[in-house]
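Architecture and fold: a report
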Amino acid sequence: MGLLGKIFTWWDGATIGTHLWSKRSGGEQVGTDAMGNKYYRAKAKEGGKSTGSYTQREKRWVIYEGANDASRVPSEWHGWLHGAFDDVPESHLPPPRIWEVDYTPNTTGTAQAYLPQGALERGGKRAKADGDYEAWTPEG
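Residues numbered from 1 in each chain as written. Predicted model: local features only at pLDDT ≥ 70, side-chain atom pairs only at ≥ 80, totals over all residues. Heavy atoms only, no water.

A few words on the pattern of salt bridges. This model, assessed by the stated rule, comprises 4 salt bridges. With its nearest N and O atoms 4.0 Å apart, the salt bridge here joins R41 to E58. Here R41 is found in strand β2 (residues 38-42), whereas its partner E58 is found in the loop between β4 (54-55) and β5 (59-63), with 17 residues between them in sequence. The pair formed by R41 and E58 is uniform in burial state, with each residue classed as buried. Across the salt bridge formed by D86 and R60, the nearest N and O atoms sit 3.7 Å from each other. Residue D86 is found in the segment after α3 (75-81), and its partner R60 is found in strand β5; the two are separated by 26 residues along the sequence. (Salt bridge = Lys/Arg side-chain N within 4 Å of Asp/Glu carboxyl O. Helix = DSSP H or I, 4+ residues; strand = E, 2+ residues; numbered from the N terminus. Buried < 20%, exposed > 50% of the residue type's maximum accessible area, 1.4 Å probe, protein only.)

Written out as C-alpha cells, the structure is:
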C-alpha cells in the first residue's frame, strides 16, 4: 500500500498517524508476536494526570502486520495491552501444551466461513420438519 493508502485507510495496517504517534510519543517497540504484530509502549510523563484513585499509566498499542483485526492479538499480548501485567509476555509464558492448536483467523464474512445446512449461501435448502413438530394455528 502506498503513501496515500497509509494516510487515508485504517483497515490494512497502521495509518500514517499511528506511525507518527509512535515516533513522536517516544514509543519503544517491546516485542513482536508470531504473526508479525509489533507492540509498543510510551511511559507516562512525570507529573502526569492523577485524578482520585486513577493515575495515568504508560500507553500501550499494537501495529498489526496486515489487516487490522483485533482477533489477531494473542491472549498473552492482549493481557499486556490492557495492563494485566507489566512485563512483556515472553518473560512469563508457560510452555505450549500438547493440545494447543495454531491460531486461525476469524473467517466470518469470507469464503471460508462456516455455513450451516439451510443457509441461503448454500442454496437455502434444509431438511423438512417432521416428527414431533406441529405448526401453531390460531383458534377461530
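Glancing now at the side chain of D33. Mapped onto the fold, D33 is located in the loop between β1 (28-32) and β2. No salt bridge is formed by the buried D33; the nearest opposite charge belongs to R72, separated by 6.4 Å. At 3.1 Å, the side chain of D33 and the backbone nitrogen of G36 are in polar contact. In terms of polar contacts, D33 uses its side chain to reach the side chain of Y39, at 2.7 Å. In contact with D33, not counting residues within four places along its chain, are Y39, R72, P74 and W77. (Lys, Arg positive; Asp, Glu negative; His and termini not counted. Polar contact = N/O pair within 3.5 Å; in protein donor to acceptor, adjacent residues only side chain to side chain. Contact = heavy atoms within 4.5 Å.)

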